[in-house]
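Close look at the chain arrangement
Letter by letter, the chains look like this.
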Amino acid sequence: MTLIKSISGIRGTIGGAAGQALTPVDIVKFTYAYCLKLRERRPKSAGSRYKVAVGKDARLSGAMVEQLVCGTLTACGVDVVKCGFASTPTTEMAVTFSGADGGIILTASHNPRQWNALKLLNERGEFLSAAEGQAILEAAEADDFCFAGVDELGKIEGHDFTEEHLDAVLALPAVDAKAIREAHFKVVLDAINSVGGIIMPRLLERLGVECVKLNCEPTGDFAHNPEPLPANLTDLSETVVREKADLGISVDPDVDRLAFICENGQPFVEEYTLVSVADYLLECAENEGVKNICTVSNLSSSRALRDVTEKHGGKYYASAVGEVNVTTKMHEKGALIGGEGNGGVIYPAIHYGRDAMVGVALFLSNLAHKKMKVSELKATYPQYFIAKNRIELSDSSLIDRILAEMKSIFANEDINDIDGVKISFEAQRQWVHLRRSNTEPIIRIYSEAPTQEAAEALAERVVGIARKIIGG
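**A few points about the sheet that holds strand β13 (residues 315-319)**
With respect to topology, four strands assemble into an open sheet ordered β13-β12-β14-β15, the strand pairing being mixed. Single-partner strands in this sheet number two, and they are β13 and β15 (344-346). On average, each strand axis in the sheet is inclined to that of its neighbour by 20°, with strand direction left out of account. The strands touched by helix α9 (residues 271-287) are β12 (294-298), β14 (337-340) and β15; relative to β14, the strand with the most contacts, the crossing angle is about 175°.

Here is the structure:
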């Protein structure tokens, strides 16, 4: 049983005791706190109505959580635009499509079927800031409720924004639908029995792409571990080869993460989803003579994005880990494209949120222009490998000590400390990033190098130093 409260929302397993699982009481308290802070964030004149968009992925607890959230919103005097089954980016865009004051997404993203969560949006359809999220957490803990009278109750209207979302994707100048149709692509889609099975086939159909469907019924009974990692995509890989498809597409349950499989069944690698899309957009911008182009990803994402950006004469910026941190940096720098190494593509030309539909449309545009196999495209990019490790500690106070001593030990290297400590070894094209877990006494250690062996050796070196620091 697990319940995790953080500035990005509340998530947990369904079923269990209060404080140990995501219960109906938690859902009501958290939704109420969202409404309370919404009124403070967006003051309106007396009699004006607030409106919030609500969308859900297809997981088994979705209907129950949706009823509680929508009921609480209306009890607070807030009108609801109920999006029904909707990807996370669809719900984000529904906020602006409907002129809502905010949004709530009901999804636990890549977590297993027993999980669910509430993710909170502002009036731009973007995630709340850390300060706004903290204020909601504090309000939820106050247990001070005051609901609307019977004449002020909110109303619920249903609207499916899937087609509006797809219209916006296809209207992007960088999406070359004509070239994609002429390429006659055949793909295999694994939608993990969630809302990707609704929206992604419709996108592919509109692009003239033949789609072989795997796990596309939105039952919420996930066919395998829903995180789109190679170990979980063996069926997809085998089907791509058997069907002689041009590529495989995998999305997570809420369709904000995206991974590809090459025509030979080998992973394109999730880190390279953003790299490939960015390469395409940067090339387009360079050919059009656009100046001062830049990209953004978080500190734990592949160096390959930086390399590709600089190849096209652009500048790369790193943000702290977390989507809201990436989008904040993108706003600040006016980035052309950004995202995260987990397959999250954020393209401001449509909206500031990870969007697998945008990622697929841009990737296929790139592939159609390059006229090469997916494995050949992958080979054109700088090759890096990432190792992921962690150190579990008995006392979270040791984390600050370890991070401080790492900065001292590696003071002669390039150090970034906006989120833990990232040490870059420029001559070797290697880096290691140490950062604390938000929920456990753990240090996560990600390392990257031109070979898997070098990445793992770097991680082992840093882990060894950390253990000596603890022992000392």
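**Structural notes on the sheet that holds strand β11 (residues 258-261)**
Spatially, four strands are ordered β9-β8-β10-β11 in an open sheet, and the strand pairing comes out mixed. Each having just a single partner strand, β9 (210-214) and β11 make up the two edges of the open sheet. Sheet twist, expressed as the mean angle between neighbouring strand axes with direction ignored, is 25°. Sheet topology note: the strand β8 (residues 186-190)/β9 ladder contains five bridges and is parallel. Bridging across to β9, L189 finds its partner in K213. Strand contacts of helix α7 (residues 196-206): β8, β9 and β10 (247-251), with the helix running at about 170° to β8, the strand carrying the most contacts.

**Considerations on the pairing of strand β5 (residues 102-106)**
The buried count for β5 comes to five of five residues, which makes it a mostly enclosed element. Alternating positions in β5 separate into two faces, G102, I104 and L106 on one and G103 and I105 on the other, with burial throughout. With five bridges connecting them, strand β3 (residues 50-56) and β5 associate as parallel partners. Bridging across to β5, V52 finds its partner in G102. Two strands pair when backbone bridges link them, and β5 and strand β6 (residues 115-121) are joined in this way by four bridges, in the antiparallel orientation. Pairing of I104 across the sheet is with L120, part of β6.

**Some thoughts on the packing of aromatic side chains**
Each aromatic ring pair is characterised by the separation of its centres together with the angle its planes make. Taken as a whole and assessed by the stated rule, the structure comprises eight aromatic pairs. Both rings, one in Y32 and one in F147, keep their centres 5.2 Å apart while their planes meet at 65°; by these two values the pair is edge-to-face. Note that Y32 is positioned in helix α1 (residues 24-41) and F147 in the loop between α4 (130-142) and β7 (156-158), a separation of 115 residues in sequence. Ring geometry for F260 versus F268: centroids 6.2 Å apart, planes at 85°, classification edge-to-face. Assigned by exposure class, F260 and F268 land together as buried. Connected via pairs of aromatic rings, a cluster forms that spans Y32, F145 and F147. For K44, the ring lying beneath its charged end belongs to Y50, and the centroid distance is 4.7 Å.

**What about the side chain of E66?**
Here E66 lies in helix α2 (residues 62-75). Setting aside anything within four residues of it in sequence, one finds E66 in contact with K56, K82, G84 and L106.

**A word on the packing of helix α5 (residues 162-170) against helix α12 (residues 356-370)**
At a minimum axis separation of 10 Å, α5 and α12 run at an interaxial angle of 35°. Handedness of the α5/α12 crossing: right-handed. For the pair α5 and α12, contact is made by H165, L166 and V169 and by M357, V358 and A361, respectively.

Calculation criteria
- Residues numbered from 1 in each chain as written.
- Predicted model: local features only at pLDDT ≥ 70, side-chain atom pairs only at ≥ 80, totals over all residues.
- Heavy atoms only, no water.
- Pairing = 2+ DSSP bridges.
- Helix = DSSP H or I, 4+ residues; strand = E, 2+ residues; numbered from the N terminus.
- Axes fitted to C-alpha atoms, helices over the stretch in contact; angles between N-to-C directions.
- Contact = heavy atoms within 4.5 Å.
- Buried < 20%, exposed > 50% of the residue type's maximum accessible area, 1.4 Å probe, protein only.
- Phe/Tyr/Trp six-rings, centres within 6.5 Å; stacked < 30°, edge-to-face > 60°.
- Lys NZ or Arg CZ within 6 Å of the ring centre and 35° of its normal.
- Left-handed = near helix turned anticlockwise from the far one by under 90°.

Read these as layout, nothing more, since geometry by itself doesn't imply function.
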